[in-house]
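Reading the structure
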Amino acid sequence: MVKEVFSTLLEDLGKLMNMKLSPDSHNACMIKSQTGLMVHMEPDSAGERLMFISDLGTPPPGRYRENLFKEALKANGLPMPRQGIFSYSKKKDSLVLFDTLLLDELTGQKINDFLTPFMQKADLWRLAIPKGEVPSFTGNELSFGAQPSGSGMFGL
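Since the model is a prediction, treat every value here as computed from it, not as a measurement.

Overview of the pattern of salt bridges
Scanning all chains against the criterion turns up six salt bridges. A salt bridge links Glu11 to Lys15; the nearest nitrogen and oxygen atoms lie 3.9 Å apart. With Glu11 and Lys15 both in helix 1 (residues 2-17) and four residues apart, this pair spans about one turn of that helix. Judged by relative accessible area, which is 47%, Glu11 ranks as partly exposed.

A few points about the packing of aromatic side chains
Remark: the centre distance and the inter-plane angle together describe each pair of aromatic rings, the angle taken between the planes. Using the criterion set out here, one finds five aromatic pairs in the structure. Measuring from centroid to centroid gives 4.3 Å for Phe86 and Trp125, while their planes differ by 45 degrees, and the two rings are tilted. Placement of Phe86 in strand 4 (residues 85-89) and of Trp125 in helix 3 (residues 108-131) is noted, with a sequence separation of 39 residues between them. Through a chain of ring-to-ring contacts, three or more aromatic side chains come together here, namely Phe52, Phe114 and Phe118.

Regarding the pairing of strand 1 (residues 29-32)
Alternating positions in strand 1 separate cleanly, Cys29 and Ile31 being buried on one face and Met30 and Lys32 remaining unburied on the opposite face. As paired strands, strand 1 and strand 2 (residues 38-43) are joined by four bridges and run antiparallel to one another. Considered in strand 2, the bridge of Cys29 is made with Met41. Linking strand 1 back to strand 2 in an antiparallel pair, the connection comprises five residues, with Gly36 at a positive phi of about 100 degrees.

So, how was this worked out
Per chain, the residues get numbers from 1 upward, laid out in the order the sequence is written. This being a predicted model, a pLDDT of at least 70 is required before a residue's local features are given, and a value of 80 or more before pairs of side-chain atoms are given or counted; all residues contribute to the totals for chains, interfaces and linings. Side-chain numbers here rest on the full set of heavy atoms in the structure, without hydrogens or water. Here, a salt bridge means any side-chain nitrogen of Lys or Arg that lies within 4 Å of a carboxyl oxygen of Asp or Glu. Working definition: helices are DSSP H or I runs of at least four residues, strands are E runs of at least two. Numbering for both runs from the N terminus. Residue exposure (1.4 Å probe, protein chains only): buried if accessible area is under 20% of the type maximum, exposed if over 50%, otherwise partly exposed. Classification of ring pairs uses Phe, Tyr and Trp, with its six-membered ring standing for Trp, and accepts pairs whose centres are within 6.5 Å; under 30 degrees between planes counts as stacked, over 60 as edge-to-face, and the remaining range as tilted. In short, DSSP must find at least two bridges between two strands for them to pair.

Shown next, in the form of structure tokens:
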């Protein structure tokens, strides 16, 4: 039953995204964005939630990695909606963005509405890692690195 529900959701999502989506032999689906971001989707083992996972890359060891992980933890503490939760994959030695949605409440449109900001967030972090940038958050606003002088109110 879960396979049929997932297949129908992917078909509806595919129409919205103008691509053909279907589950593979493992009942999972990989979406590749125009920027090269990969998002893996599959129902959990209980068939209650749809999981979204994106590998953001391996930050090099050292101070940069520590700072990146600190900002990821800060981002995880932001109020909802967070558009994903950061975690570390020991197996892949990489930063991962993941989230889940209740399967029985989903439609293709709801998945599309969730995926848009999820993929934007994942792409920002994925592209920051090779550049050695650390995305940081003030409230729900994203910036990179240190704030330039004159960044106060009205740029003063």
